Amino acid sequence: VSTESKNSENISKTAPKNKKGKVYFDGSTVGKALTERQRASLKGLRVIAEAMGVDIHIFESPIVNGKRVGENGRYDPSTKTLHIDLYAGAEAEALMIFTAAHELTHHIREVLPEKFNILADAIFEEYTKRYGDRVMEDLIKEKTDFLKEKGRITEDMSEEEAYDLAYEEVIADCCETMLVDSN
């Protein structure tokens, strides 16, 4: 059995029983002409959806003053679905797969917390090895400041809750960038 086949079997074992995820097109995305990169991203998203048993909804960000605005994606824990903008990363020509990697990390943390912890530990270890002992704590501090600025960390949150949110976002960011890191 090939390594690829074994990896597929291991991923499938983590998908919820009897749940095959699908990719859905919401609203104005139906019937859109797609770029080559968008088609390739959608192919990858279909594999992820089926393997992980997660539904992925593709939406279209609005255009304001000739520019796409809004979120690249989000994870909805109440429905356990990913929502990905068809034009995510529009400046880099629709990099939906990177946004999906980020949002899927949130899904993994919720439905497979023990696997998330293993992933987070591996990321911490690798980043520390590459960039030094303080890199992850520095990234978490930067993310905390950013989330405060954006109103996602509020005064009524405990220090532990704020750290936990920033920590999860940093791990998700790292998962996103793993797809482009040539080292």
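Above this text is the structure in question.
Residues numbered from 1 in each chain as written. Predicted model: local features only at pLDDT ≥ 70, side-chain atom pairs only at ≥ 80, totals over all residues. Heavy atoms only, no water.

(A) A look at the pairing of strand 5 (residues 73–76). Residue alternation in strand 5 divides its side chains into a buried set, Gly73 and Tyr75, and an unburied set, Arg74 and Asp76. In terms of strand pairing, strand 5 meets strand 6 (residues 81–85) through four bridges, oriented antiparallel. Paired with Asp76 across the two strands is Thr81, which belongs to strand 6. In sequence, strand 5 turns back onto strand 6 through a hairpin of four residues, with Lys80 there showing a positive phi of about 55 degrees. (Buried < 20%, exposed > 50% of the residue type's maximum accessible area, 1.4 Å probe, protein only. Helix = DSSP H or I, 4+ residues; strand = E, 2+ residues; numbered from the N terminus. Pairing = 2+ DSSP bridges.)

(B) Structural context of the pattern of salt bridges. One pass over the full model with this rule turns up 13 salt bridges. Here Arg109 ties to Glu168 by a salt bridge, and the two come within 3.1 Å at their closest N and O atoms. Taken together, the positions of Arg109 in helix 3 (residues 96–111) and Glu168 in helix 6 (residues 159–178) put the pair 59 residues apart, joining distant regions of the chain. For Arg109, a relative accessible area of 21% translates into the label partly exposed. (Salt bridge = Lys/Arg side-chain N within 4 Å of Asp/Glu carboxyl O.)

(C) Local environment of the environment of Met52. Along the polypeptide, Met52 turns up in helix 2 (residues 36–52). With a relative accessible area of 11%, Met52 lands in the buried category. With 55 residues separating them along the chain, Met52 and His107 place their C-alpha atoms 9.5 Å apart.

Everything listed here is a matter of geometry and, on its own, says nothing about what the molecule does.
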